[in-house]
Structures are given as structure tokens and as C-alpha cells.
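# Coordinate analysis (summary)
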Amino acid sequence: NYSSLPPSTMNRAVASSANILDRPLGRGLRSSSTSEGFVSSSAFAYLYSELVQYHQSRVASISELERRLESAGYGVGLKVLELLAYRARESKRETRVMSILQFVSSAVWKSLFGKAADSLERSIDHADEFMIVDYEPITSTYVSVPADLGQLSVDAYISGIVAGVLDGAGFPARVTAHSVTIEEGENPKPPINQGLPPRKDKAVFLVKFSSEVLERDAALDR
Amino acid sequence: IGTNEWLRIGSTFHSLHAIAAEAAPRRLPGNKNSYGADDGIEEIEAGGLVLRCFQTRTGMKFVITAEPGTPDIDYVLREIYVLYTDCALKDPFYELEMPIRCELFAQGVDALIERVEKAASIGKR
């Protein structure tokens, strides 16, 4: 997660502080405009694994665990939205549903995971549902969910992040994470970590907007 | 073979491993070998099988049995170690010291063995 200090204080803090807590994470903006500093994926995997275990020992059901992971990610979403909006230096904020979804699936994904989401789809049955697909979410790269936990998706953290971004931008929505089996021949890309077998599931983040969001969007069309 | 059988076999091997160090004609200081792991059985060769034990610095032992003459056993053991650290240790649902029931680990090991067997059969031709 990135500290929400604006870049100017970050640069001054770098020169003056010897305290490791005050230094910016990674290499910050000084290195290049595209790379925002790197964190070891193993470090993230261990930390996230501990987060899941911490919550698992305190809940009584799968849905409660997912809800706790989602609320853990919600704060991240709010902060990431502010940070990216500041860094993009655009004077206008998104007001349309499609453009905020594009923002989430490209800018937010790139800033957090280094790549854009694999696809953004609209549900055929429900006008208020959209799906963001990621073939290799970093929260579940090394996770094997045991059979007795069935439908649990540890990517609930990411759906919390998405919900935070959307809520912060004024598009209240309910976001849930689902593991969907990959069809034969669907994903041509090999896994990022070469030693691991190719994943059998993709993560689908189902975004269900509140009704007032769609009404507002429809009113803007007229 | 059931899980309990495996646990019994594993603990038997662990004891033999330690006894071999005690019975060795040349005892290493602190019973630690040059890699920092416990001294003990590294390889058993018999008529129909070869057994190799790979030890990590943390004292984890990976034991593999194979047909005599199988190439690259050490490579396989090291790759399994990597798979263990990735798929078992980073899995929040894996409890330490318990039998490994992580699907990713099983899939990874299967894929690794398949890859090695294919390479070995190509090499033989």
C-alpha cells in the first residue's frame, strides 16, 4: 500500500530522515514515472497469508471472513483513489459509470498490481452488474482453498479495494469476488511464476451498483 | 498408503537419519554437516531403489525414492523445496507440521515429475 503523502513532502523526507518509517515505500516517483517502486511478491504473500489466518481464527462462517477481508481492503480503495486522482492531475473527476469502471480496471489495477485488469464486462441479465476479470490476482497466487471452505475467495480483499474506490468516487456499489473455472483455451498467458502450474480459476469481481447510480447515469444521457 | 503410514515411515526415517550420524566412524562437530544441516543419511542405494534425502538449512528433510539410475534427483528435490515454500508456506490454510493438502502443491509436484520424466525419456532415445 502506498503512503498518502503528496510527492513534495516525500522527497524532503527522503533527504532528511534516517528513520525507516519516514522513508517512502519502494523508490517512489523519483525513479521513473511508470514504475512506482517494487515490493517482493513473497513478502506480500506471507503478509496476506497472515492477514487471512488472523481473521479466520476470529470468524464463524465463510461469508464473515470474506466480509472482514473486504473491509480490510475498503480503506485501501479510498486512499488509492485519492492518490491516483492527485497524481493524475486532472481537474475533472469521473461522473459516468463506464469511465469510472475503466479507471478502476486500468489505472487502479496498474498502480496496484503492475498490469491492467484482464477484462471488463457488462452483465447481460442485469443492467446494474459489471464484471472485472483478473486471471492471476496476487492475493490468491499461492492459495489452495480446502474443499470444506467451498466457495471462499480470498480475493475478497481486492473486491474491498474496488468497493472503496467506487464509493469514494461517488458510485456506491456492492463488489464480490468469485472464482470461476477457466474454460479450455481461454487464457493464453502462462503463469507469472514459472514454477507454478497454470491456474484453473480466474477471479471475477462482480460490481453491482446501487440503483441511484444507474438512475443518475441514465439522467446524464438525456 | 494411508496418511498414518506415511507419518510412521517419515518418523522412522528421521530416527534412522539421526542414528546414522551417531554410528558414523567420523563424527562432525555438533553433528552438523558443511551445509549447516544435521548430519545423517543422505542416500541409500539398494538393488531396486535409490533413496535420497535433501535437507534444508532449517532442518526440513525432503526424501525421494526412485529407480536406480534416475538422473537429476537432486534437481527434483530442490524444485520440490521451491514448490513447498511457494504453495504450502504461503497458503493461509496450511498448518505447519500437518500433512500437506494444498492442491497447488500437488499439481505442482505432478507437473514437475511429468516434466522430468518427459526430459528423461527424450534423453534416452
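Conventions and cut-offs
- Residues numbered from 1 in each chain as written.
- Chains lettered and ligands numbered in written order.
- Predicted model: local features only at pLDDT ≥ 70, side-chain atom pairs only at ≥ 80, totals over all residues.
- Heavy atoms only, no water.
- Helix = DSSP H or I, 4+ residues; strand = E, 2+ residues; numbered from the N terminus.
- Buried < 20%, exposed > 50% of the residue type's maximum accessible area, 1.4 Å probe, protein only.
- Contact = heavy atoms within 4.5 Å.
- Areas by Shrake-Rupley, 256 points an atom, 1.4 Å probe, with all protein chains shown as cover.
- pLDDT = per-residue confidence, 0-100.
- Salt bridge = Lys/Arg side-chain N within 4 Å of Asp/Glu carboxyl O.

## With respect to the overall build of chain A
Secondary structure assignment for chain A yields six helices and four strands. The secondary structure elements of chain A, listed N-terminal to C-terminal, are α-α-α-α-β-β-α-β-β-α. Taking all 222 residues of chain A together, 41% fall into the buried category. Sequence separation of 24 or more characterises 63% of the internal contacts of chain A that already satisfy a separation of 6 or more. Carbon and sulfur atoms provide 55% of the accessible area of chain A, an area that totals close to 12,600 Å².

## Focus on the confidence of the model for chain A
The predicted structure's coordinates, where accompanied by low pLDDT, should not be read in detail. All names here are of chain A. Predicted confidence across chain A gives a mean pLDDT of 82, with 80% of residues reaching 70 or more. No element of chain A has a lower mean pLDDT than helix α1 (residues 7–16), at 50, and none a higher one than helix α5 (residues 156–168), at 95. Contacts for the low-pLDDT stretch residues 28–36, under 50 throughout, to residues beyond four places or in other chains number twelve contacts.

## A closer look at the pattern of salt bridges
According to the stated counting rule, one finds eleven salt bridges over all chains in the structure shown. The partner of Arg174(A) in a salt bridge is Glu70(A), with the nearest N and O atoms 3.4 Å apart. Remark: Glu70(A) occurs in helix α3 (residues 62–88) and Arg174(A) occurs in strand β3 (residues 173–181); sequence separation between them is 104 residues. Note that Glu5(B) is salt-bridged to Arg8(B), the shortest N-O span being 3.1 Å. With a gap of three residues between them, Glu5(B) and Arg8(B) both fall in helix α1 (residues 3–23), about one helical turn apart. Since its relative accessible area comes to 35%, Glu5(B) is described here as partly exposed. The network of salt bridges with common partners includes Arg96(A), Asp217(A) and Asp221(A).

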